[in-house]
Amino acid sequence: MKKYVYPTITIVTLLIGFFIGNAISNNANAQQLRWNGINISLSKVDQLLQYMQRSYVDPIDVDSLSEEVMDDIVSKLDPHSSYIPKKDMEIVNSELGGSFSGIGVQFSIQNDTIAIISVISGGPSEHVGILAGDKIVEVNDTAFTGKGINNEKVMHTLRGEKGTEVRLGVRRNGTDEVLHYTVVRGDIPVHSVDAAFLVTPKIGFVRVNKFGETTYNEFITALTKLKAEGATAYIVDLRENSGGYMDQAIKMANEFLEAGDMIVYAEGRAYPRYEAKANGLGRFQKADLAVLIDDFSASASEIFAGAMQDNDRAVIVGRRSFGKGLVQQQMSFTDGSALRLTVARYYTPSGRCIQKPYELGKQEDYEKDLLERFEHGEMYSKDSISLNDTTIYYTKKGRKVYGGGGIMPDVFVGRDTTLNTPWFNKVVNLAYTYQYAYRYTDKNRKKLEQYKDWQSMEKYLNSQNWVPDFIQFAKEKGIEPDEAQIAKSKPLLKRIVTAYIVRDMLGDEGFYPLFERDDDITKQAVRELNK
């Protein structure tokens, strides 16, 4: 899950002091360490690596061994403590930062090739003439395609320091030769709010994908915009939001709560109790509110949802959240790597710790939890849910709530499998719906550019008979057609592929209003707010 930043604690200093104390208490051992030139303040692991570097029979890469040792030690802790090598720090930090330096494109890997989905307006790539639909085949005059291409490698290659150059070779539909562009990397904004729009004349919808540096500012801007458009009630969509910075969730919650309402508190062995309470200055304290969560909503998402639920401030709609109630602090090493160490647990206002059970060092078992929920039928039926903490907690108005494994929604909405078939599940799970949508967009881009809003584009797409072409596309990929299954799943297939095509052309501001219009959880939230 994603990560938090907190006040500094002294655990590293205490550990170093512990090792120094042990070395000094054994004078003979201390003399031996000094005689061998080893600093007595080092841990046994450091000493081992120095002995090996100095005396092992063959040359060895101690730096590489050190990385493996760090990973192995941290893996013996809880599932959310992690070691981040220097090479990964830029990407990890940029996930929650306000911006990063890059070329300014959204991409997808199609057939081992980087396909540009969209070009960020005003960004470096737009300035040199790169277009949506282009395929990057060369980077710095070297071929950049094939089986080894993955998202991580692409991001490491295309991102870099602001002001540095990268030379790209692209293939464009209708052009035989490879076109070359030199792009100067620049600041690319990282957005937390995917979309904000009215689902009814009085209900605004805001989707928040993470809690990063700019989330609160984006969120309050979205709410203000919707209020100006006539919204008096709001849906905050935190589905698939795996968390981020705790302070951003606290600021968001403050907008809806009365003065003195508890938002969250945290405490740990070496972490003094920290409490966050509303200051009473929130601008939306009287607005009706629904919060959407699912099994991938975690950490900061659960802090926000828990604060709304325990203060009886919103109706929580969806499915049980992930269950991450641990607080991480990032500690930096001199080589540029970092440790994200769990230092505390956080609790909702009623006193619930929603962290699900785990055993130290058994991350694989922990990660199987969602699969087990699925196999037990929890995604489809509320009666299949089993909570690990049977302690009863009470909300502000005296309602019973439970902890020990995520936030339970007030209104459960299971997955609807009415239109699902084995054929449909295959084409979705293998991402053929996504791939076909991009191919369709790429072939019909000039025609689609005539439509400037999702309503008109959807109307046009509904008039086109593209389903037989999709069936043939899937067949070429190895999925044999089944007429009965296709007929049953056709409405769902059309909804998904149409939404993806709209997204390729109009971005998230076009995708979400179309997709959420027929979403079961969103429709239930609207019904709850209309009560």
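Residues numbered from 1 in each chain as written. Predicted model: local features only at pLDDT ≥ 70, side-chain atom pairs only at ≥ 80, totals over all residues. Heavy atoms only, no water.

**Student:** Any details on the nonpolar core? Residues and values, ideally.
**Tutor:** In terms of nonpolar packing, the biggest core is built from 48 residues, with Ile 235 and Trp 423 touching the most fellow members. Tallying contributions element by element places helix α18 (residues 483–506) first for this core, with nine residues. Once residues within four sequence positions are removed from consideration, Ile 235 is found in contact with Val 199, Ile 203, Gly 204, Phe 205, Val 206, Ala 290, Leu 292, Thr 522, Ala 525, Val 526 and Leu 529. Judged by nonpolar contacts, the second largest core, of 47 residues, contains Ile 263, Ala 266, Ala 307 and Ala 314. (Core = buried A, V, L, I, M, F, W, Y, C linked by side-chain atoms within 4.5 Å. Buried < 20%, exposed > 50% of the residue type's maximum accessible area, 1.4 Å probe, protein only. Helix = DSSP H or I, 4+ residues; strand = E, 2+ residues; numbered from the N terminus. Contact = heavy atoms within 4.5 Å.)

**Student:** Explain the environment of Gln 309 to me, using residue names and the numbers behind them.
**Tutor:** Structurally, Gln 309 can be placed in helix α10 (residues 300–310). Taking the C-alpha atoms as reference points, Gln 309 and Gly 169, separated by 140 residues in sequence, lie 52 Å from one another. Apart from residues lying up to four places away in sequence, Gln 309 is in contact with Ile 316, Arg 352, Thr 395, Arg 399, Val 401, Ile 407, Met 408, Pro 409 and Asp 410.

**Student:** Which residues make up the packing of helix α3 (residues 44–55) against helix α4 (residues 62–74), and what values do they have?
**Tutor:** Two numbers describe how α3 lies on α4: the axes approach to 11 Å, and their chain directions differ by 155 degrees. In this view, α3 runs roughly antiparallel relative to α4, as classed from their interaxial angle. In this structure, α3 crosses over α4, and the sense of that crossing is right-handed. Contacts between α3 and α4 pair Val 45, Leu 49, Met 52 and Gln 53 from the former with Val 62, Leu 65, Ser 66, Val 69 and Ile 73 from the latter. A class-by-class count of the residues in the contact of α3 with α4 yields seven nonpolar, two polar and no charged. (Axes fitted to C-alpha atoms, helices over the stretch in contact; angles between N-to-C directions. Parallel < 35°, antiparallel > 145°, perpendicular 65-115°, else oblique. Left-handed = near helix turned anticlockwise from the far one by under 90°. Nonpolar A, V, L, I, M, F, W, Y, C, P; charged D, E, K, R; others polar.)

**Student:** Before we move on, can you summarise the pattern of salt bridges with the specific residues and values?
**Tutor:** Any two side chains of opposite charge can pair if their charged atoms end up close together. Per the counting criterion, the structure on display carries 33 salt bridges. Linking Arg 207 and Glu 240 is a salt bridge whose minimum nitrogen-to-oxygen distance equals 4.0 Å. Placement of the pair is Arg 207 in strand β11 (residues 203–208) and Glu 240 in the loop between β12 (233–237) and α9 (246–254), with a sequence separation of 33 residues. Of the residues examined, Arg 207 reaches a relative accessible area of 9% and is grouped as buried. Residue Arg 503 is joined to Asp 508 by a salt bridge in which the shortest nitrogen-to-oxygen separation is 2.9 Å. When salt bridges with common partners are traced through the structure, they connect Asp 194, Arg 207, Asp 237, Arg 239, Glu 240, Glu 516 and Asp 519 into a single cluster. (Salt bridge = Lys/Arg side-chain N within 4 Å of Asp/Glu carboxyl O.)

**Student:** Summarise the confidence of the model for the protein chain; cite the residues concerned and give the values.
**Tutor:** Mean pLDDT over the protein chain stands at 86; residues scoring 70 or higher make up 91%. In this model, residues 1–40 is a region of pLDDT below 50 whose contacts with residues beyond four sequence positions or in other chains number 72 contacts. (pLDDT = per-residue confidence, 0-100.)

**Student:** Kindly report on a nonpolar patch on the surface, identifying the contributing residues and their values.
**Tutor:** Residues Tyr 56, Val 57 and Ile 60 make up a contiguous nonpolar surface patch of about 300 Å² in total accessible area. Its location among the elements puts Val 57 in the loop between α3 and α4. Exposure remark for Val 57: the relative accessible area of 67% places this residue in the exposed category. (Patch = residues over 30% accessible without salt bridge, like charges linked within 9 Å, V, L, I, M, F, W, Y side chains within 5 Å. Areas by Shrake-Rupley, 256 points an atom, 1.4 Å probe, with all protein chains shown as cover.)

**Student:** An account of unusual backbone geometry is needed here, citing residue identities and associated values.
**Tutor:** In this model, Glu 240 sits at a positive phi of 65 degrees, which is unusual for a non-glycine residue. In this model, Ser 299 sits at a positive phi of 50 degrees, which is unusual for a non-glycine residue. On the secondary structure map, Ser 299 appears in the loop between β15 (288–293) and α10. Exposure remark for Ser 299: the relative accessible area of 0% places this residue in the buried category.

**Student:** So what's going on with the environment of Gln 485? Which residues, and what values?
**Tutor:** Relative to the elements of secondary structure, Gln 485 occurs in helix α18. Spatially, the C-alpha atom of Gln 485 lies 8.9 Å from that of Leu 419, the residues being 66 residues apart in sequence. In this structure Gln 485 touches Thr 421, Pro 422 and Trp 423, once residues within four positions along its chain are discounted. Within the structure, the side chain of Gln 485 is placed 2.7 Å from the backbone nitrogen of Trp 423, a separation counted as a polar contact. (Polar contact = N/O pair within 3.5 Å; in protein donor to acceptor, adjacent residues only side chain to side chain.)

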